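# Notes for the structure review
One letter stands for each residue in the lines below.
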Amino acid sequence: MTEERENVGIVIVSHSPLVAKGAADMVRQMVGDSVPLAWCGGNPAGGLGTDTGAILKAIEEAWSEAGVAVFVDLGGAETNSEMAIEMIGKGRAARIIICNAPIVEGAVIAAAEASGGASLAKVVATAQELSPS
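In this report, we go over the structure that sits alongside the text. Computed from a predicted model, the values in this text were never measured in an experiment. (Residues numbered from 1 in each chain as written. Predicted model: local features only at pLDDT ≥ 70, side-chain atom pairs only at ≥ 80, totals over all residues. Heavy atoms only, no water.)

### Things to note about the overall build of the protein chain
Assigned secondary structure in the protein chain consists of six helices and four strands. Element order for the protein chain, N to C, with α for helix and β for strand: β-α-β-α-β-α-α-β-α-α. Relative to a compact globule of 133 residues, whose C-alpha radius of gyration would be 14 Å, the protein chain shows 13 Å and is just as compact. The principal-axis extents of the C-alpha atoms in the protein chain amount to approximately 40 × 35 × 30 Å. Sequence separation of at least 24 residues holds for 77% of the intrachain contacts in the protein chain that already meet a minimum separation of 6. Only carbon and sulfur atoms are counted for the fraction: they give 55% of the accessible area of the protein chain, which is about 6,600 Å². Put simply, the protein chain has 8 plus and 16 minus side-chain charges, and the middle of one group is 4 Å from the middle of the other. (Helix = DSSP H or I, 4+ residues; strand = E, 2+ residues; numbered from the N terminus. Rg over C-alpha atoms; globule rule 2.2 N^0.38 Å. Contact = heavy atoms within 4.5 Å. Areas by Shrake-Rupley, 256 points an atom, 1.4 Å probe, with all protein chains shown as cover. Lys, Arg positive; Asp, Glu negative; His and termini not counted. Charge placed at Lys NZ, Arg CZ, Asp CG, Glu CD.)

If you want it as structure tokens, here you go:
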């Protein structure tokens, strides 16, 4: 049974497992356990890349009825995240947004917003303010 969570979840997807884990560690240090958080990185063989199955699993781990904000580092991570979101089903997919924001700074600022109970739209908007115009 999935735990009922009130705050928006955060997922970090990177081509590098070290980058993804490091960004997640920073988020955890900033907001503690108040925000559902998951990360994934690397391909199934352990090299650089991303894996749709791992992204889907991370979304499930960070799932919140309030929604999930997904942070990606490069185009392949975004494409695979989009495929994972399609696989999750329409009802839940509507509550998942891929953020156009720097992966580390965006995830940290988004988690800070989420920890205060902000909506998914507010969490994403705040993170996306960090993106260059």
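### Remarks on the sheet that holds strand β4 (residues 96-99)
To summarise the sheet geometry, strands pair through backbone hydrogen bonds and adopt either a parallel or an antiparallel arrangement. Taken in spatial order, the four strands of this open sheet run β2-β1-β3-β4, and their pairing is parallel. One side of each edge strand has no neighbouring strand; the edge strands of this open sheet are β2 (37-41) and β4. Across the sheet, the axes of successive neighbouring strands diverge by a mean angle of 20°, strand direction being ignored. Taken together, the four bridges between strand β3 (residues 68-72) and β4 define a ladder with parallel strand orientation. In the sheet register, A69 faces β4, and the bridge partner there is I97. Sitting on the sheet, helix α1 (residues 17-31) touches β1 (9-14) and β2, and the angle it makes with β2 is about 165°. (Pairing = 2+ DSSP bridges. Axes fitted to C-alpha atoms, helices over the stretch in contact; angles between N-to-C directions.)

### Topic: the pattern of salt bridges
If you walk through the whole model with that rule in mind, you get five salt bridges. Residue K21 is joined to D25 by a salt bridge in which the shortest nitrogen-to-oxygen separation is 3.0 Å. In this pair, K21 and D25 are both assigned in helix α1, four residues apart and thus about one turn of the helix distant. Judged by relative accessible area, which is 38%, K21 ranks as partly exposed. The partner of R95 in a salt bridge is E65, with the nearest N and O atoms 2.5 Å apart. Pair noted here: R95 is in the loop between α4 (90-93) and β4 and E65 is in the loop between α2 (52-61) and β3, with a separation of 30 residues, a long-range link. By relative accessible area, R95 is classed as partly exposed at 27%. (Salt bridge = Lys/Arg side-chain N within 4 Å of Asp/Glu carboxyl O. Buried < 20%, exposed > 50% of the residue type's maximum accessible area, 1.4 Å probe, protein only.)

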